[in-house]
Structure formats: C-alpha cells, structure tokens
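# Chain and residue survey
This is what each chain is made of:
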Amino acid sequence: MIPFRFLHAADLHLDSRFIGLAHIPSSVRSYLKESTFAALGRLVGVAVQEKVDFVVISGDIYDISDASLQGQLRFQEALQELGSHGIAVFLIHGNHDPLDGPRLTSEPPKHVTVFGSEEPVHAVGYRRSDGKEVAIVSGISYPTAKVTENTALTFHRKQGSSLFHIALLHGNVDGDLQHETYSPCTRRDLIERGYDYWALGHIHTRSILQERPAIVYPGNIQGRSIKETGPKGCYVVDVEEEGGVALHFHELDSVRWWVKEISIEGLSNEAEWIEAVERAVEEIRERHSQAMSVVRFQLTGRGSIHRLLVEKGAVEDLLAELQRRETILAERQQYNGLVWTEGFAVESGLAIDREQLLQEDSFLGEMLRIAVRSEHSPSELDDLMSSALQPLMENQELRKLLSSVGADEKLDWLRQAAELGATLLSGREDSADEVANPPYRQAGGQKDEH
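### Quick notes on the sheet that holds strand β7 (residues 164-170)
With mixed pairing, six strands are arranged side by side in an open sheet as β5-β6-β7-β8-β10-β9. Two strands in the sheet have a free side with no partner beyond their single neighbour: β5 (121-126) and β9 (207-211). Direction aside, the axes of adjacent strands within the sheet are offset by 20° on average.

What follows is the structure, given as structure tokens:
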C-alpha cells in the first residue's frame, strides 16, 4: 500500500450561534462570531503546513438556520486556498446543511468532490508528490435534514481495488444519546463494509471508536456551548505502508469552553470564596493564554457560606464584576487569555449530615432515600417525575415543554428538590427562607441546548 497523508475534519458549523451567552457586550460577541471562521483558517493552515495530500470533511459545514452568505463565501475562499496548494477536498453534507437547504448554486471547484445523496460513489484520492492513486474515497450526503435509515449499509468497497478505502459518513454510531439519532448504525455495520477508515461526523466529542479499521469522530472544530468543553480541532492521518494509520490531533479552536468545579467546603467567609473563584480564573488564563476561554463555575460541597451564596446575591454580584473586568480587555482587543465567566451553577448545600439522615426512620430520611433510588434508576426517575408533574400536564403548553425535558435535566430537578427538602426539614433556623432561594440554581448563562 502506498503511504500518504490526509486531514479529517467535521462539523464546522460556520457562522452559527453560540448557545448560552445572552446579553454579552458587542466586543465579546464579535470575537465569538469570528471564531468559527478563525478555526477554518487554522484548518487550512494545518493542511498546508502538514503537506496533506487531501482533506475530507464529514458534514455540517453550516447550520441552515444560520447559513449566512458570509459563511458560504468564507468557505469557498478556504476551498480556493487549499486548491492553490494542490490539496483536493472531499466532502458530504449532514443534517444541519442538507442538500435541499438554501445555499449558493455555483459549481464546486474542480479539486472539490461533493458526494450526493443517492449512493456512495467511488472517487480517487491522489498523492500530491507524484500523482499516484492512493485511496478510494466514498461518501453520502443528507438529501434533507432528517435521515433516519442506516445509510452505512449502502457502502461497498470498489471491486478489485487494493487501495486504501475511506468512507465519509455523518451519523450516530451505537446510539449516542447526546445527539439526534440520524443515519443510525452500529460499529459492526461499519466493520462489515470492509473500509479501512471511517471518517465520521455528527458527534461533537472527539473519539476513536476503533483503531483497525479506524472508526473516527474528530469532533467539531470550534466549541459553541458549555456542552462542548475542551480542545476542538481535526486529525491529520498518516496511512502507513502496511495499511495501519497514525492519527495526530491538531487544535483549531480560538475559544475554549470549560466547566470548573469549586468546592465551598473549608471556606469560612465571602472573601475566601471570592479569592477561590479569582484564583480559578487566573489558572485558566495561564493555562490557555493564547486564546479566549468561556467558563462555568460549579459550586459544590457543603459549608456555612452556602446560605450567603443563595440569599445575599453574592453569586450575581461576583459574576457581574468578573464580566466587567473581562469586557475591559475585550474593548482593548486583548482576547488572548481573556476568561469570560458564563455563569455559576450553585450545586452546594448547607452542612448537614446527609449519610445520617439517609439512615433515619423519618419523613426526611425516606424522602432522601427515594431521591437516591430515583437518581440511579431511570425507570424510577420517570415514574417519580410523572407522578409529581401530573397536575401540570393538563396545560397544553406546559405539557409540550415538559415532554422535551431530557434525563439530565430531570436529574437536576431531582437534586434541587432533595437539597431543598433537606434544608427545609433539617430543623435549621430561618430554613423557610430557602423557599424563595433554592440551594441549587444557576446564575448567569442560559439553558443548555444542542
């Protein structure tokens, strides 16, 4: 087999909205808006610098709901830049940019292959240094936004060819519950098709499902919500003479998302808590000094300052101050090392002996035991929620809203209720004040969506 190198990327989502960042200053918003384009520019730079023979892009180049003319023109510009270096591009369209969606109608450049939606055709990938055929590349695009059939089964190796086979598929392998079940398939389905490399898209979390044959999600190139934390980028793939592959991840994102936990245990006053948060901000700034960060702080543990956090407005006040400081940096165009605090998730509680309460033969003890059982049993959680929310289901709008609530959000509600109940029923003074200020809540940010 002839050795060669290619770049695998997916889920560019050019010019799409960032989720959970309402009411941000224009100086920060403009940088966020540009970040997907900056990631695309870095992708082109990596392809050129690493001297790849071709690039494969596995769907969701745009979001149809946000498919701006600027986004399409910037992508065409990137394709032309790759072409000027002799780098071919193979791409498919996914559920966010299906073939029937609105887009410019111009023909793609000659060095760009856009796979259709009827069946995966066989295209040839060439090595740039000598023009030799090195790979068979196949792919299938989404004709519409919802493809529910197993399109992986339509892939077949090219008969008689000993070249390395690459398949481009935008789909959900083995039923990842965090994403829509579009073009669903199993790992076994992919293995049985006989391809050497499955270039996947759709799941935004980077993962190598299998090494041989390689089944790879590169993740998206730029995180866009608090659910998309950590480095984002692409893989450069070296195909070796014996047919194995070596994958090298390259970071492309210019905005990094973080969830940082801060425990209130051992903190005796407001000043110590503020110092802990500010120290965490500076740690992130130092760790990611060459780009912008967006962070949500999770306040956990039990301690005496919990009541101050939920009753005195301390969380909201500190959030406003942290954002004010970073806005000054943004207005000075100092985005490298900027740390924008998206919000606080207050998951802390009062210092009660939860383990002892779980053993008590009391109403509070039974309530906590029900909560623990429901937290570890999806069926019991559903039964508990159905019973508790039954009076609200008579309202059509509320019924529609509640039907869209996922398992994670139901668990959050359960934990909130258990923590509030423990506080109210633990016999502490002024516990009734907690009704207006539940101990588990989020300050700043918006509801997580995907």
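### Concerning unusual backbone geometry
A cis amide bond links R212 to the next residue, P213, at an omega of -5°. Position of P213 among the secondary structure elements: in the loop between β9 and β10 (214-217). Although it is not a glycine, H202 adopts a positive phi angle of roughly 110°. Tracing the chain through its elements places H202 in the loop between β8 (197-201) and β9. Positive phi outside glycine occurs at Q333, with the angle close to 65°. With respect to the helices, strands and loops of the structure, Q333 is situated in the loop between α6 (314-331) and β15 (339-346).

### A word on helix α1 (residues 26-49)
With 24 residues, α1 extends 34 Å between its outermost C-alpha atoms, agreeing within 8% with the 34 Å of an ideal straight helix rising 1.5 Å per residue. A bend of about 40° at S35 is the largest found in α1. Just past α1, the residue K51 takes up positive phi, approximately 55°.

### Observations concerning the packing of α1 against helix α2 (residues 69-84)
Between α1 and α2, whose axes approach to 10 Å, the crossing angle comes to 10°. As far as their axial angle goes, α2 and α1 are roughly parallel. On the side of α1, the interface is formed by K33, E34, F37, L40, V44 and A47, while α2 contributes Q70, G71, R74, F75, A78, E81 and L82. In the contact of α1 with α2, the residues fall into seven nonpolar, two polar and four charged.

### A look at the pairing of β9
Across a regular strand the side chains alternate sides, sitting on one face of the sheet and then on the other. Examined bridge by bridge, β9 and β10 share four bridges and lie antiparallel to one another. Looking at the pairing, E211 lines up with A214 of β10. In this structure, the hairpin formed by β9 and β10 is closed by a connection of two residues.

### A closer look at helix α4 (residues 270-287)
The first and last C-alpha atoms of α4 sit 26 Å apart over 18 residues, in line with the 26 Å expected at 1.5 Å per residue. Those residues of α4 that fall on the buried side of the exposure criterion are W273, A276, V277, A280, V281, I284 and R285. With a side-chain oxygen positioned 3.1 Å from the backbone nitrogen of A271, the residue opening α4 is N269.

### Side note on the confidence of the model for the chain
Looking at the chain as a whole, the pLDDT averages 88, with 90% of positions reaching at least 70. Scored below 50 in pLDDT, residues 427-441 shows 40 contacts in the model against residues more than four places distant or in partner chains.

### Describing the sheet that holds strand β2 (residues 54-58)
Pairing within the open sheet is mixed, and its six strands lie in the order β4-β3-β2-β1-β11-β12. Both outer strands of the open sheet, β4 (112-114) and β12 (245-251), are each paired with one neighbouring strand and no more. Between one strand and the next, the sheet's axes are offset by a mean angle of 20°, whatever the strand orientation. As paired elements, β2 and strand β3 (residues 88-92) share five bridges and run parallel to each other. Opposite S58, over in β3, you have I92 as the bridge partner. Across the sheet, α1 lies against β1 (4-9), β2, β11 (233-239) and β12, angled at about 170° from β1, the strand it touches most. Along the sheet, α2 makes contact with β2, β3 and β4, crossing β3 at roughly 145°.

### Topic: the pattern of salt bridges
In the structure shown here, the tally under the stated rule is 22 salt bridges. In this structure, the salt-bridge partner of E34 is R74, at a minimum N-O distance of 2.6 Å. Linking E34 in helix α1 with R74 in helix α2, this pair joins segments that are 40 residues apart in sequence. The exposure class of E34 is partly exposed, given its relative accessible area of 34%. For E228, the salt bridge is made with R224, and the minimal N-O distance between the two is 4.0 Å. We note that E228, like R224, is buried. Overlapping salt bridges bring together E278, E321, R324 and R325 as one network.

### What to know about the side chain of S293
Among the secondary structure elements, S293 is positioned in strand β14 (residues 292-300). Here S293 falls in the buried class, since its relative accessible area comes to 0%. With near-sequence residues (within four places) excluded, S293 lies in contact with R256, W258, I284, H288, L338, V339 and W340.

Conventions used here
- Residues numbered from 1 in each chain as written.
- Predicted model: local features only at pLDDT ≥ 70, side-chain atom pairs only at ≥ 80, totals over all residues.
- Heavy atoms only, no water.
- Pairing = 2+ DSSP bridges.
- Helix = DSSP H or I, 4+ residues; strand = E, 2+ residues; numbered from the N terminus.
- Axes fitted to C-alpha atoms, helices over the stretch in contact; angles between N-to-C directions.
- Expected span 1.5 Å × (residues − 1).
- Bend = angle between axes of the 7 residues up to and from the residue.
- Parallel < 35°, antiparallel > 145°, perpendicular 65-115°, else oblique.
- Contact = heavy atoms within 4.5 Å.
- Nonpolar A, V, L, I, M, F, W, Y, C, P; charged D, E, K, R; others polar.
- Buried < 20%, exposed > 50% of the residue type's maximum accessible area, 1.4 Å probe, protein only.
- Polar contact = N/O pair within 3.5 Å; in protein donor to acceptor, adjacent residues only side chain to side chain.
- pLDDT = per-residue confidence, 0-100.
- Salt bridge = Lys/Arg side-chain N within 4 Å of Asp/Glu carboxyl O.

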